[in-house]
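# Structural overview for review
In case you want the letters, here they are:
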Amino acid sequence: MRRFVLTGAPGAGKTTIVDELRRRGWAVVAEAATDIITAQQARGVAAPWQEAGFVDAVARLQRERREAPGAYASVQVHDRSPLCTLALARYQGRLAGRVLVEEVERVLRDGTYQREVFLVQPLGFVTATAARRIGYAESLAFARVHEEVYRAHGHRLVVVPPAPVRTRVALVEAHLRRFVGLPSDPAEGVPDPIYLT
């Protein structure tokens, strides 16, 4: 099984790209943190990301989704991974919890995710939501931590620059096809050159 990760700044458009890839038939695994935040806020917790067990809860849900029955397509696209959760802990200045540490060790040991990781670059703004209360400058700093964490753990970053959704999805899809040996999709035209950094 080949699992590819989309990472980057909050609000950069990862979930929009993943949703379009799903619509095009790719197997995708949804981001976990937003669902945990939404569930906790529904219980009256105003800022769940500040709670002591938040990063472990995210890591636990990521593992459950990765290992869920029916999640065994030969190629998957993941909206974030435990390394993103580690980046969150570092950005917040927290020690990673036991569950997160074990998850990071497991995915690195097992080679769970492909070395090529899609780094979705910021669009120039962040749209605030109940689950996303971060300004643009903060999102850029947070994105740099993600980049540092992935590089430090041996991943190569495929840059997905700001562009219309269709263009970004075509770029990601062209690279996915190339990485897994599928023929290119002539309907998408010629993709931009690879942005490996």
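### Details of the pairing of strand S3 (residues 75-79)
- Judged by how many residues are buried, S3 sits mostly within the fold: five of five residues are covered.
- Here S3 shows no split at all, with Val75, Val77 and Asp79 on one side and Gln76 and His78 on the other all buried.
- Where strand S2 (residues 27-29) and S3 come together, three bridges link them in parallel fashion. Residue pairing across strands places Val28 opposite Val77, the latter belonging to S3.

### Topic: the confidence of the model for the chain
- In the predicted model, the chain carries a mean pLDDT of 87, and the fraction of residues at 70 or more is 88%.
- When the criterion is pLDDT under 50, residues 189-197 qualifies, and its contacts beyond four places in sequence or with other chains add up to 20 contacts.

### What to know about helix H6 (residues 136-152)
- Along its 17 residues, H6 runs 24 Å from first to last C-alpha, staying within 8% of the 24 Å computed at 1.5 Å per residue.
- For H6, the full list of buried residues reads Ser139, Phe142, Ala143, Val145, His146, Val149 and Tyr150. Along the long axis of H6, the arc covered by the buried residues comes to 160°, so they all point the same way. For H6, the exposed residues set more than 90 degrees away from the buried face come down to Ala137, Glu148 and Ala152.
- Residues of H6 that are buried sit in contact with strand S1 (2-8), helix H4 (82-91), strand S4 (116-120) and strand S5 (156-160).
- Looking one or two residues past H6, Gly154 carries a phi angle of roughly 85°, positive in sign.

### Describing the sheet that holds S2
- Pairing is parallel in the open sheet, where five strands are placed in the order S2-S3-S1-S4-S5. Strand pairing shows two members of the sheet lacking a second neighbour, S2 and S5, which therefore form its edges. Strand-to-strand twist across the sheet, computed as the mean angle between neighbouring axes with direction ignored, equals 30°.
- In the sheet, S4 pairs with S5 via five bridges, with the strands oriented parallel. Following the sheet pairing, Val117 is matched in S5 by Leu157.

The rules behind each value
- Residues numbered from 1 in each chain as written.
- Predicted model: local features only at pLDDT ≥ 70, side-chain atom pairs only at ≥ 80, totals over all residues.
- Heavy atoms only, no water.
- Buried < 20%, exposed > 50% of the residue type's maximum accessible area, 1.4 Å probe, protein only.
- Helix = DSSP H or I, 4+ residues; strand = E, 2+ residues; numbered from the N terminus.
- Pairing = 2+ DSSP bridges.
- pLDDT = per-residue confidence, 0-100.
- Contact = heavy atoms within 4.5 Å.
- Expected span 1.5 Å × (residues − 1).
- Arc of directions from axis to C-beta.
- Axes fitted to C-alpha atoms, helices over the stretch in contact; angles between N-to-C directions.

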